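Results of the structural survey
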Amino acid sequence: MTHLPTASLASRSNARVFGTGPRTLLLAHGFCSNKQVYARQVTHFSRSHRTVTYDLAGFGDADPDLWDPRRYATLEGYAHDIVGLIDELDLRRVTFVGGSLSAMTGLMASLARPERFDALVFVGGSPRYLNARHYRGGFEREAVERFYALLDSNEGWTDAVTGLLLNGPLPLALLDIAQAVRGVRPEVARTVARAVFGSDYRHLLERALHPVLIVQTASDAAVPEAVGKYMAALLPDAELTVLPGVGHLPMRTQPELFNRAVEDFLRHRGGWPG
């Protein structure tokens, strides 16, 4: 594991670098999660790739002072952080793996630094979470407003988020997911939730410059399969893999199947060393 200067963005983002090689996997988690959700991917892929994990501002063990409610009032703030990490760590030949909200921030970063990227993997990602005319994002505005009310009252929102991530009761083996949600400061959750549900990046899909693997479970309460099909149809070079399972975190709940899907994609697209 590489140790980083304490004043750097990477250090303040609790970044860790594992493995070596000419190709990089940059792993970014989603809402109310942390970098530990990718533990099984680090173990698997650091044998062949330089593998980088980090905590998004406001989450996990990122420096609390890194959080800025104005910067992260839109998801562009997190996209700028990805670009900053890539430049600071001099990451090249990057396959960016973005969970949930990080799928679109990764797409934005790849458009800003296309020469640094090889491919993208969207994990439960969505360009728009709200339903619209001729588009099924998965959420009606009334339901989102009720969720905002929970956040504003600071009552019941952690259970709601955990249920959304897992699509059901919390098994003991996944207790860390609930702990990660409970560790998020309410003001962070309120700001980022509004950034997520207020976003609409459908117009960016056709601009993608790199191959994309879209990974979803067969039943994801946050992102219906229709969203994956929508993105696969609009992205210039994409493939959709639907894993037989439930929930929003297949990298954590189905790591073997998830790793195999990513590895197959990288081998097929020439993103595997050797």
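In this text the structure is predicted, and so the values were computed from the model without any measurement.

Attention now moves to the packing of aromatic side chains. Enumeration according to the criterion identifies eight aromatic pairs in this entry. Plain terms: the ring middles of phenylalanine 31 and phenylalanine 59 are 6.2 Å apart, the flat faces sit at 75 degrees to each other, and that makes the pair edge-to-face. Here phenylalanine 31 is found in the loop between β2 (24-28) and α2 (39-45), whereas its partner phenylalanine 59 is found in the loop between β3 (50-54) and α3 (76-89), with 28 residues between them in sequence. Each of the two residues, phenylalanine 31 as well as phenylalanine 59, counts as buried. Measuring from ring centre to ring centre gives 4.9 Å for tyrosine 135 and tyrosine 230, while their planes differ by 75 degrees; the resulting arrangement is edge-to-face. Placement of tyrosine 135 in the loop between β5 (117-123) and α5 (141-153) and of tyrosine 230 in helix α9 (residues 225-234) is noted, with a sequence separation of 95 residues between them. Note on tyrosine 135: relative accessible area 6%, which makes it buried. Aromatic rings pair up to connect Tyr129, Phe139, Phe147, Tyr148 and Phe197 into one cluster. Between the NZ or CZ atom of arginine 194 and the centre of the ring of tyrosine 148, over which it lies, the distance is 4.4 Å.

Right, let's get into empty space enclosed by the protein. Summed over all chains, the structure comprises two cavities of 30 Å³ or more. A volume near 40 Å³ is recorded for the largest cavity. If you go around the largest cavity, the residues you meet are His29, Gly30, Ser33, Val37, Gly99, Ser100, His248, Leu249 and Met251. For the lining of the largest cavity, the per-class residue count stands at three nonpolar, six polar and no charged. If you add up the space inside the second largest cavity, you get close to 30 Å³. Surrounding the second largest cavity, Ser13, Tyr54, Asp55, Leu56, Ala57, Leu66, Tyr78 and Asp81 form its lining. Each residue belonging to the lining of the second largest cavity can be placed in one class, and the counts come to five nonpolar, one polar and two charged.

What counts, and at which threshold
- Once a new chain begins, its residue numbering starts again from 1 and follows that chain's sequence as written.
- At least 70 in pLDDT is required for a residue's local features to be given in this predicted model, at least 80 for side-chain atom pairs to be given and counted, and no such filter applies to totals for whole chains, interfaces and linings, which use all residues.
- Hydrogen atoms and water are omitted, and side-chain values are computed over all heavy atoms in the structure.
- Whether two aromatic rings pair depends on their centres lying within 6.5 Å, for rings of Phe, Tyr and Trp, where Trp uses its six-membered ring; planes under 30 degrees apart make the pair stacked, over 60 edge-to-face, and the rest tilted.
- Labels follow the DSSP assignment, with helices taken as runs of H or I lasting at least four residues and strands as runs of E lasting at least two, numbered in each case from the N terminus.
- The cut-offs for exposure are 20% and 50% of the maximum accessible area for each residue type, with area from a 1.4 Å probe on protein chains only; residues under the lower value are buried, those over the upper are exposed, and the others partly exposed.
- Note on criteria: charge over ring means Lys NZ or Arg CZ within 6 Å of the ring centre, with the direction from the centre no more than 35 degrees off the ring normal.
- Here a cavity means grid points, on a 1 Å grid over the protein atoms only, where a 1.4 Å probe fits yet cannot get out; a pocket means an open set of points with protein on both sides within 12 Å along at least five of seven lines; lining residues are those with an atom within 4 Å of a point.
- Grid points are joined across faces, edges and corners, and a volume is the space filled by probe spheres set on the points.
- Three classes are used, and their members are as follows: Ala, Val, Leu, Ile, Met, Phe, Trp, Tyr, Cys and Pro are nonpolar, Asp, Glu, Lys and Arg are charged, and the others, Gly among them, are polar.

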